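# Coordinates in review
So the chains spell out like this:
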Amino acid sequence: MTAAAASALIAVLALAGCVPSGSTSSTSSSSVPTASSTPSSTPLPTPEPLIIPGCDTLLPLSTAKGLLSTSTQKLDEQDSFTLNGGELPEIAAVMTDATIAKNCIWGVPNSDGYFSVAIGDIAEPDLSDLKGALAASGYQGTTINNVATLEFTTENEIGTTAATHLFTGDLWIHATGTSVDLTNAAATAVLDQMRLANPTRTY
């Protein structure tokens, strides 16, 4: 073997010694991350039962007087809805299906001045059915901060009759009176008190 050939063989052997033995992967199997077990989902907290305070809390008499007249009195309070046969079928369905309800009436005795507020829970499909029926009947609506408001005013031989419906979550507030300004103010005031009474609910 010539000196040049011997030198070439030594160089080849030296390069072969630089290749690590074993697996060709540069990462050992022990360093490969293993899939972690799927964390158990945290159950959502159960909402507190819906609370509807009394009419005197929902709308203090001083507030009712400010909305209508200094002669305003609370005329009636019921822990249920009363069907009079004149409601839209969808309103009657909500009243029938509600599991908790309150009906409050304020007014000036021996006069046409009055307003009422009905409060109850509402669930699908009653919610969608009622919104659709109100819109088809001419109610105008807006939605602000997850509160849908639908209102309507009509004139008859007695005078002006107005109605406001508020929907948020599973809550329905229905105010009736002699002007939409009155019904909107009454329904909004009652919603504020419902939020205070139900702090764990997103109203």
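Our structure is the block above this text.
Right, let's walk through the structure included here. Just so we're clear, the structure is a prediction, and the values are computed from it rather than from any experiment.

Cut-offs and rules
Residues numbered from 1 in each chain as written. Predicted model: local features only at pLDDT ≥ 70, side-chain atom pairs only at ≥ 80, totals over all residues. Heavy atoms only, no water. Helix = DSSP H or I, 4+ residues; strand = E, 2+ residues; numbered from the N terminus. Contact = heavy atoms within 4.5 Å. Polar contact = N/O pair within 3.5 Å; in protein donor to acceptor, adjacent residues only side chain to side chain. Phe/Tyr/Trp six-rings, centres within 6.5 Å; stacked < 30°, edge-to-face > 60°. Buried < 20%, exposed > 50% of the residue type's maximum accessible area, 1.4 Å probe, protein only. 1 Å grid on protein atoms, 1.4 Å probe; cavity = no way out; pocket = protein on both sides within 12 Å on 5 of 7 lines; lining within 4 Å. Points joined across faces, edges and corners; volume = space filled by probe spheres on them. Nonpolar A, V, L, I, M, F, W, Y, C, P; charged D, E, K, R; others polar. Axes fitted to C-alpha atoms, helices over the stretch in contact; angles between N-to-C directions. Parallel < 35°, antiparallel > 145°, perpendicular 65-115°, else oblique. Left-handed = near helix turned anticlockwise from the far one by under 90°. Salt bridge = Lys/Arg side-chain N within 4 Å of Asp/Glu carboxyl O. Disulfide = S-S within 2.5 Å.

## Notes on the environment of serine 116
Its place among the elements puts serine 116 in strand 3 (residues 114-121). Other than its neighbours up to four places away in sequence, serine 116 contacts Cys104, Ile105, His174, Ala175 and Thr176. Of the polar contacts made by the side chain of serine 116, one reaches the side chain of threonine 176; its length is 2.5 Å.

## Overview of the packing of aromatic side chains
Applying the stated criterion across every chain, the model contains 3 aromatic pairs. Seen in terms of ring centroids, tryptophan 106 and phenylalanine 115 are 5.1 Å apart; in terms of plane orientation they differ by 20°. Their pairing is stacked. Neither residue differs from the other here; tryptophan 106 and phenylalanine 115 are each classed as buried.

## Topic: the layout of surface pockets
Each pocket or cavity is described by its volume, and for the largest pocket that value is around 520 Å³. Asn84, Glu87, Ile91, His174 and Thr176 are, among the 23 residues lining the largest pocket, the residues nearest its centre. Those elements that provide at least two residues to the lining of the largest pocket are helix 4 (89-97), strand 3, strand 5 (147-155), strand 6 (160-168) and strand 7 (171-177). For the lining of the largest pocket, the class distribution of residues is 11 nonpolar, 11 polar and 1 charged. Residue lining of the second largest pocket: Asp112, Tyr114, Asn156, Ile158, Gly159, Thr160, Thr161, Gly177 and Thr178, and that is the complete set. Here the residues of the lining of the second largest pocket sort into 2 nonpolar, 6 polar and 1 charged.

## Observations concerning the packing of helix 4 against helix 5 (residues 126-136)
Interhelical geometry of helix 4 versus helix 5 gives an angle of 155° and a closest axis separation of 9 Å. Regarding the angle of helix 4 to helix 5, the classification is roughly antiparallel. The crossing of helix 4 and helix 5 is left-handed. Across from Glu90, Ile91, Ala93, Val94 and Asp97 in helix 4, the residues of helix 5 making contact are Asp126, Asp129, Leu130 and Ala133. Here the residues of the contact of helix 4 with helix 5 sort into 5 nonpolar, no polar and 4 charged.

## Section: the pattern of salt bridges
Considering all chains together, one arrives at 6 salt bridges under this definition. Linking glutamate 77 and lysine 74 is a salt bridge whose minimum nitrogen-to-oxygen distance equals 2.9 Å. Classification of glutamate 77 as partly exposed rests on a relative accessible area of 31%. When the shortest N-O distance is used, the salt bridge between arginine 195 and aspartate 192 registers 3.5 Å. Of this pair, arginine 195 and aspartate 192 both sit in helix 6 (residues 180-197), separated by 3 residues, roughly a single helical turn.

## Examining the state of the cysteines
Inspection of every chain in the model, using the stated rule, returns 1 disulfide. The disulfide bridge from cysteine 55 ends at cysteine 104, spanning 1.9 Å between sulfur atoms. One quick way to see it: the torsion about the S-S bond of cysteine 55 and cysteine 104 is about -85°, and its sign makes the bridge left-handed. Of this pair, cysteine 55 sits in helix 2 (residues 55-58) while cysteine 104 sits in strand 2 (residues 101-107), placing them 49 residues apart in sequence. We note that cysteine 55, like cysteine 104, is buried.

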